[in-house]
Amino acid sequence: MQIIKSIDALRAAVKPLAMQGKTIGLVPTMGALHDGHGALIKESVKNCDVTVVSVFLNPIQFGKNEDLDKYPKRLEADAKLAESLGADFVFAPSVAEMYPDGDPLTLVRDETLESMYCGAYRPGHFRGVLTVVSKLFLISGANHAYFGEKDYQQVFLIERMVRDLNFDIQIHRVKIVREASGLALSSRNEYLTDLERSQALSISTGLKQAKETFEKGERRVAVLRDVVIKSILGNRGQVQYVEVVNQKDLQKFNGALREEDKVVILVAAFFGKTRLIDNIELN
Ligand code: AMP
């Protein structure tokens, strides 16, 4: 496995393989890899001839007061994990390599979710994500790309971007990988103290309870939301949002759900200073 830092070098390495008819899979990450990322890499290695894992902490998707500076960085360990899972290339460019002219003048943005859910609380986040993911698609020339459902809004927006802009790439969703406790794996879990980590279980526990409540026949949106909110508030979490939304377009449901509705609950909450997201599909 090769670690590549320049765009030209990645193109030079991948193009001849693509010319031979090999399929290229891309797994975009911000590093500090864990088994959640591992699931994406495994899926790419299983389905594609060549797997490129990108490790790039993308500054333009972070707000001024967010955790860009303290985000964990460990390229060597990341490369080892990627190699052990069968990846062929780790693409780890510098910020100057990706943004040689400083902040880009040209951005890819959506006009709906940028003001909803995570978009409302993280201004500029999704346009930073869509912009860097577009760049990574163009740089890698990948035919397939893998994204986790942990970031439900993100994968929705990327699928939509690919359709809207005719990127010649197939997007694959990978289910959320959780600890045995239920906590969704995240590089940000490293920020949690032991106490906060045990309190943060209330997110996945609340989501599971909401799903059980739904399965018992409850269809009132407010009741389902409340199950999750109570679980988090009861464990000293601060809720940023809990919303019951349509899997297809991520629009909010109100009132009561109908039998045909496909539903996912989206959550963001703080434990101490750490912001965590999670979600669960009800059907
Ligand atoms: P990140 O490094 O946080 O930008 O994540 C890179 C990719 O890994 C994204 O597509 C995430 O959705 C995915 N990912 C992160 N954590 C998990 C998890 N626990 N389960 C599944 N996918 C994940």
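This is a predicted model, so every value here is computed, not measured.

Some thoughts on unusual backbone geometry
- In this model, Tyr 117 sits at a positive phi of 50°, which is unusual for a non-glycine residue.
- Locating Tyr 117 in the fold gives a position in the loop between α4 (95-98) and α5 (118-121).
- Residue classification places Tyr 117 among the buried residues on the basis of a relative accessible area of 5%.
- Look at Arg 236: it is not a glycine, yet its phi comes out positive at around 65°.
- With respect to the element layout, Arg 236 can be found in the loop between α9 (221-233) and β7 (238-246).
- Arg 236 gets classed as exposed once you look at its relative accessible area, which sits at 71%.

Some words on the side chain of Gln 61
- With respect to the element layout, Gln 61 can be found in the loop between β3 (50-55) and α3 (75-84).
- Here Asn 58 takes part through its side chain, which lies 2.9 Å from a polar atom of the side chain of Gln 61.
- Look past the residues within four positions of Gln 61 in its chain and what remains in contact with it is Met 30, Glu 66, Arg 122, Gly 124, His 125, Gly 128, Val 129 and Val 132.

Some points on the domain arrangement of the protein
- What the domain assignment lists for the protein is domain 1 (2-174) and domain 2 (187-282).
- Using only C-alpha atoms to locate each centre, domain 1 and domain 2 end up separated by 26 Å.
- The partner domain 2 presents 20 residues to the 23 residues of domain 1 that form the contact.
- When the two sides are added together, the surface that domain 1 and domain 2 hide from each other amounts to roughly 2000 Å², 53% of it contributed by carbon and sulfur.
- When the buried area of domain 1 at its contact with domain 2 is split by residue, Tyr 117, Tyr 121 and Tyr 152 rank highest and sum to 35% of it.
- Joining domain 1 to domain 2, the criterion identifies 2 salt bridges.
- The closest approach of N and O atoms between Glu 190 and Arg 74, which form a salt bridge, is 2.6 Å.

Comments concerning the site of the ligand
- What surrounds the ligand is a group of 17 residues, the closest being Met 30, His 37, Asp 151, Val 177 and Leu 185.
- Met 30 is positioned such that a nitrogen or oxygen atom in its backbone is 2.9 Å from an oxygen atom of the ligand.
- In the environment of the ligand, an oxygen atom lies 2.6 Å from a nitrogen or oxygen atom belonging to the side chain of Asp 151.
- Burial of the ligand by the protein chains amounts to 93% of its free accessible area of 480 Å².
- Counting residues per element, the shell around the ligand draws most heavily on helix α2 (residues 35-47), which supplies 3 residues.
- Within the shell around the ligand, the residues separate by chemical class into 8 nonpolar, 6 polar and 3 charged.

Reading guide: rules and limits
Residues numbered from 1 in each chain as written. Predicted model: local features only at pLDDT ≥ 70, side-chain atom pairs only at ≥ 80, totals over all residues. Heavy atoms only, no water. Helix = DSSP H or I, 4+ residues; strand = E, 2+ residues; numbered from the N terminus. Buried < 20%, exposed > 50% of the residue type's maximum accessible area, 1.4 Å probe, protein only. Polar contact = N/O pair within 3.5 Å; in protein donor to acceptor, adjacent residues only side chain to side chain. Contact = heavy atoms within 4.5 Å. Domains from an automatic or database assignment. Buried area = accessible area lost by both parts, 1.4 Å probe. Salt bridge = Lys/Arg side-chain N within 4 Å of Asp/Glu carboxyl O. Near = heavy atom within 4 Å. Areas by Shrake-Rupley, 256 points an atom, 1.4 Å probe, with all protein chains shown as cover. Nonpolar A, V, L, I, M, F, W, Y, C, P; charged D, E, K, R; others polar.

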